[in-house]
Amino acid sequence: VNRAGDPKPFPPGPTRDAIRESIPPGPGDDAPEPRYLYVPTRHAQALALDRPLVLGIRGAGKSVWWSTLQDDSLRRVAATWFGNDALAQVNVSAGFGRNPASAKYPDADTLAKFVAEGVPPVQIWRAVIAHHACEEGQAPRNLGTWRERVQWVVANPEDVARLLEQRDVALRERGRRQLILFDTLERTARNWADVLKLLRGLLEVLLDLRGYRALHAKAFVRPDMLSDRSVMAFPEASKIKNGAVDLSWGREDLYGLLFQRLGNASHHGAAFRRECQQRAGGSWSEADGTYALPRDLRDDAVRQTSVFHAMAWKWMGPDQRRGFPYSWLPGHLADAGGEVSPRSFLAAVRVAAEETKSDYPYALYYEAIKKGVQEASQIRVAEVAEDFEWIRIVMRPLERLVVPCEFRDVRKAWQVAGVLDEFRSQVSPERLPPRQLDRNEEGLLDDLIELGLFSRMHDQRLNMPDVYRVAFGLGRKGGVKPVR
Amino acid sequence: MGAVERHAVVTTVKPVRFDEAWRRAQAWAHQRLAGCLGQTVLVRDVFGRVRVVLDDRGGTSDLPTEEQCLELAQEFVAELQHYAPKEARDVFLRASQMFAPQDLFASADILPATGAAGVAGLRTLERLLVGADWLRPPVQSESRVPRLTLHGIKGGVGRSTAAAVLAWRLAAERGRPRRVLVVDLDLESPGVGTTLLRHEAQPDFGVVDWLVEDAVGQAGRDLVDSMWAHSELAQGAGAIIVVPAVGRAREGYAFMPKLGRAYNDVVRRDGLAQVPTVATFPERVATLLQHLEELHEPDLVILDSRAGLHDIAAMAITRLGATSLLFAVDTPQTWDAYRLLFESWREHPERALAFRERLKVVAALTPETHTSTYLDALRDHAYDLFQATLYEDAAANDTAAFNFDLADDAAPHTPLRIHWARTFQQFDPVRTPDALTQEQLSSGFGDFVSGVHELVFGEGLP
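Residues numbered from 1 in each chain as written. Chains lettered and ligands numbered in written order. Predicted model: local features only at pLDDT ≥ 70, side-chain atom pairs only at ≥ 80, totals over all residues. Heavy atoms only, no water.

Asks: What should I look at first to understand the interface of chain B and chain A in this one?
Replies: Note on interface size: it is often stated as the accessible area lost on association of the parts. Facing 41 residues of chain B, the contacting portion of chain A comprises 33 residues. Contact between chain B and chain A buries roughly 3100 Å² in total, counting both sides, with carbon and sulfur atoms accounting for 45%. Among the residues chain B hides against chain A, the three largest losses belong to D393(B), A396(B) and D405(B). Together they make up 19% of the total. Between the two partners, chain B and chain A, sit four salt bridges. Across the salt bridge formed by R322(A) and E357(B), the nearest N and O atoms sit 3.5 Å from each other. At the boundary of chain B with chain A, the tally comes to 20 residue pairs in polar contact (both at pLDDT 80 or more). Counting only elements with at least two residues in the side of chain B that touches chain A, the list comes to α13 (349-352), α14 (371-389) and α15 (438-457) of chain B. (Contact = heavy atoms within 4.5 Å. Buried area = accessible area lost by both parts, 1.4 Å probe. Salt bridge = Lys/Arg side-chain N within 4 Å of Asp/Glu carboxyl O. Polar contact = N/O pair within 3.5 Å; in protein donor to acceptor, adjacent residues only side chain to side chain. Helix = DSSP H or I, 4+ residues; strand = E, 2+ residues; numbered from the N terminus.)

Quick look at the structure:
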């Protein structure tokens, strides 16, 4: 490397140090420090109070949003950045989330009991909304249990309507807003039928709340959960779905996130910001100790390329034939739907920095980037398996399979391993099984396709993107033995 | 009675066809010549008949005796029937009986039998009238100036139009206008020269003239100087230098008699050494390109290649160190035709090493409707082709294998896209420069031009 026409490298040592400082090893953090918070331009819509539904795959940042919006200082950072003044005047509370908090919402067992008793999910969520919307000492908040609150809501529909109206007016008079957040909705119950019923009920309530001007709710949902037809089978459901904000991470968004981190590294951030400024222009504005990435480095692929290639050289091999680092890295972390999780992206960069020899003239060596992608692949699997424990069970028998392959090869591997029996013998599973398990192996496959692990080719053969293939130990089929 | 029986046998025996004979010859050698495979070359002549050549130059201890050979030869004839020599005594040939054994054993066309029916250790030699270039090593593995071959297995896919647009855009590159040399190697169906030059601007001579003059030793600088012209499409600092296949049509200028002599190999007697050397057609074209490159110092050479499986295409793709764009429309005919070609690379993957990383599919006539479905199907079909014939088997953690994910943008099978529009049918930028707007050109050829720019210059268009 280092020929005429090569990108002038950022000082490799300090750049690697900035990476180590600002990206923790391993799976990383759910609630980043304010200086590391990065909101892609398109995601900013998720902040809007009139967008009640936010969709994102596992790892897209739903929980980051959920906790960011509840944290006063993080919310201020986001509000300043996007000039969203309304955001500073909001009371935020949680209507459902990962951790049990019975003062704020009923837990999964309580919800299951209500559903089993035939309480309509709409009433359950109305009770949660009413609870958050009323004053201390007022019904239903003053009632001792969720059972009583739900019963009260069922018995007093008029009171509930008046309560919400009065709250809306009061908020408006004080120039304030209220926002109630719902996350990890796959954990509302222990079987899919109940989860989907509860989700549908919540979406109906979200639709009703659109009539209020100061009282808002927002649900963070995985797109696969909306795939079941029953969820959207209520009048005007499309109004909710069409207005959904998509939390997918495009290429520019991922690099924006990376640069935001590096520019805010405690010791080597300043050097990184200086190099960026010299290379790509733009200035980093500072507020409360956080440096905001210049506009051009947020959305301009050409400028981002010039920065990243100053870190990683311009090619993914000795010549251009294996592609360009800027597009190669996200391309090889994408699932079958083209989605990349920011966590795996950052992890790949971190590993690449660790794996690059200290005397290499750029911060990242292309072989080290490949290594980074392999390790990030493991991190992505761990991330997905947190939401979908069953994935490890269905993928284990597919190890050493080669893709593209026929569905019958996959089915056979599952049958030999007794995968279906394994699921069906679990009497009361801790976690949700595959959603379409009742359709046997075809259902399993459709679940995997929906989650982006497999894609179907034009002739129905199955392919698996590298990000999953590598971690699950599948090979890639070739017509010839290696010639080297 | 006996005669009737024999007649019955003859009519029920199925003839051994061409492909089957080759498989049988290899299997037979594997079984019957197991002890001396390393000294054995199966030679298939221009009619497809197979002979067994034994290399006895290093000793005969492992080889069958003359007597054994005669017996084996009869077996061989029974096995291969019409694809064995007529006489059993002609089946075997020993190096010591040959006039110049080194010509055969040192031939660049000798290949290990590595394919599907292949036998480890055995070597084969194909005597072909045409088509041998597809498996020959490059004349030049790397040229100083990047070369780009445009090839379509089927004609009529807008290849010459794409060549012209590409030259035009690169010559007008923002901040760095390029010098582009366009050479029309499609001798039997010249095109790109006419697109880029008005009739009166066309040079007196073309590639075909150089080939006949070179054969008699007078393809000097003055000829090279009268076979190119600047296209008026290039403005400012950029340049499009066009070398057409033929000279300007005019009274007294013949073409067909030259074409019929263009593909000759020629004997050269130059330099101090008195030993004559043979310059093959591809070597001669490589020499012409070198002359042109030295004269014009271009940033890129675009070679408009003959369509199909013609030797010109073979040379331009595999033997000139070029990056090759394989134009495709998503039809079974396209993929079947490419498959015929790629199969021979699958049989001899080591011969594809020199160029397999330099191939790139182009979606040539991408339709205006159902575009993404069309492109997905085309990509899948291209993937099938490459995966079955050129990509290597790769285990999960193998990052070095020549193998690519279906969705990998940098993969040879992932197409560059040319979006076809009816207006491009009238593409004639020199004579009707305003027929197309810049927007139309960009939407049609934008992805193609920027993709090619990345491939040949290693960076995106500014």
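On we go.
Asks: Quick question: what am I supposed to make of helix α1 (residues 12-22) of chain A here?
Replies: Those residues of α1(A) not exposed but buried are T15(A), R16(A), A18(A), I19(A) and S22(A). For α1(A), the angular spread of the buried residues around the axis is 155°, confining them to a single face. (Buried < 20%, exposed > 50% of the residue type's maximum accessible area, 1.4 Å probe, protein only. Arc of directions from axis to C-beta.)

Asks: What is the right way to read the pattern of salt bridges from this model?
Replies: Proximity of charged atoms lets side chains of opposite charge pair with each other. Under the defined criterion, the tally for this structure stands at 65 salt bridges over all chains. Notably, a salt bridge pairs R248(B) with D204(B), separated by 3.0 Å at the nearest N-O pair. Remark: D204(B) occurs in the loop between α6 (192-196) and α7 (207-215) and R248(B) occurs in the loop between β9 (239-243) and α9 (256-262); sequence separation between them is 44 residues. Taken together, the shared-partner salt bridges connect R58(A), E186(A), R222(A), D224(A), E386(A) and D387(A) into one network.

Asks: Honestly, the sheet that holds strand β4 (residues 215-221) of chain A in this entry has me stumped. Any pointers?
Replies: In any sheet, the strands associate via hydrogen bonds between backbone groups, in a parallel or an antiparallel arrangement. All names here are of chain A. In space, the five strands of this open sheet follow the order β2-β3-β4-β1-β5, with parallel pairing throughout. With partners counted over all chains shown, the strands left at the sheet margins are β2 (90-96) and β5 (245-246), one partner each. Examined bridge by bridge, strand β1 (residues 53-55) and β5 share two bridges and lie parallel to one another. Paired with L55 across the strands is D246, a residue of β5. Most of the contacts of helix α2 (residues 62-70) go to β4, to which it runs at about 155°, and overall it touches β2, β3 (177-182) and β4. (Pairing = 2+ DSSP bridges. Axes fitted to C-alpha atoms, helices over the stretch in contact; angles between N-to-C directions.)

Asks: What is the right way to look at helix α13 (residues 301-312) of chain A in this model?
Replies: An α-helical turn contains 3.6 residues, so a residue and the one three or four places further along point in the same direction. All names here are of chain A. Across its 12 residues, α13 extends 15 Å between first and last C-alpha, which sits within 8% of the 16 Å expected from 1.5 Å per residue. Those residues of α13 not exposed but buried are Q304, V307, F308, H309, A310, M311 and A312. Looking at the buried side of α13, the elements it contacts are α1, α10 (251-263), α11 (269-280), α12 (295-299), α14 (325-333) and α16 (366-387). For α13, the capping residue at the N-terminal end is D300, with a side-chain oxygen 2.9 Å from the backbone nitrogen of V302. (Expected span 1.5 Å × (residues − 1).)

Asks: How should the environment of E71(B) be read in this particular structure?
Replies: All names here are of chain B. Mapped onto the elements of the fold, E71 is located in helix α3 (residues 66-80). By relative accessible area, E71 is classed as exposed at 60%. The spacing of E71 and P349 is 278 residues in sequence and 35 Å in space, taken between C-alpha atoms.

Asks: Even after reading the chapter, I still don't get the side chain of T323(B), so can you show me in this structure?
Replies: The residue T323(B) is located in strand β13 (residues 323-328) in this model. Leaving out residues up to four positions away in the same chain, T323(B) has contacts with R321(A), R147(B), L148(B), T149(B), R358(B) and L455(B).

Asks: How should I be thinking about the environment of A388(B) in this particular structure?
Replies: In this fold, A388(B) is placed in helix α14. Judged by relative accessible area, which is 18%, A388(B) ranks as buried. Sequence-wise, A388(B) and F342(B) are 46 residues apart; in three dimensions their C-alpha atoms are separated by 8.9 Å. Beyond its immediate chain neighbours, meaning those up to four positions away, A388(B) contacts G479(A), R339(B) and R346(B).

Asks: Any chance you could explain the pairing of strand β1 (residues 40-44) of chain B here in plain terms?
Replies: Looking along a regular strand, one sees the side chains alternate between the two faces of the sheet. Residues and elements named next belong to chain B. Most of β1 sits out of view: five of its five residues are buried. Here β1 shows no split at all, with T40, L42 and R44 on one side and V41 and V43 on the other all buried. Pairing geometry for β1 and strand β2 (residues 50-54), over five bridges, is antiparallel. Counted as the bridge partner of L42 is V52 from β2. Across four bridges, the pairing between β1 and strand β5 (residues 123-126) is parallel. For V41, the partnering residue across the bridge sits in β5 and is R123.

Asks: Got a minute to help me understand the packing of helix α6 (residues 146-155) of chain A against helix α7 (residues 157-173) of chain A in this structure?
Replies: A pair of packed helices can be characterised by two numbers: the angle between their axes and the separation between those axes. Residues and elements named next belong to chain A. Relative orientation of the contacting elements α6 and α7 amounts to 100°, with a least axis distance of 5 Å. It follows that α6 is roughly perpendicular to α7 by the angle criterion. Here W152, V153, V154 and A155 of α6 lie close against α7, whose contacting residues are P157, D159 and V160. Per-class residue counts for the contact of α6 with α7 are six nonpolar, no polar and one charged. (Parallel < 35°, antiparallel > 145°, perpendicular 65-115°, else oblique. Nonpolar A, V, L, I, M, F, W, Y, C, P; charged D, E, K, R; others polar.)

Asks: Quick question: what am I supposed to make of the packing of helix α2 (residues 18-32) of chain B against α3(B) here?
Replies: Residue and element names in this part refer to chain B. In contact at an axis separation of 10 Å, α2 and α3 are set at 150° when each is read in the N-to-C sense. Judged by the angle between their axes, α2 and α3 are roughly antiparallel. For the element pair α2 and α3, the recorded crossing hand is right-handed. Together, A21, R24, A25, W28 and R32 of α2 and L72, E75, F76, E79 and L80 of α3 make up the contact between the two elements. Looking at side-chain class alone, the contact of α2 with α3 contains six nonpolar, no polar and four charged residues. (Left-handed = near helix turned anticlockwise from the far one by under 90°.)

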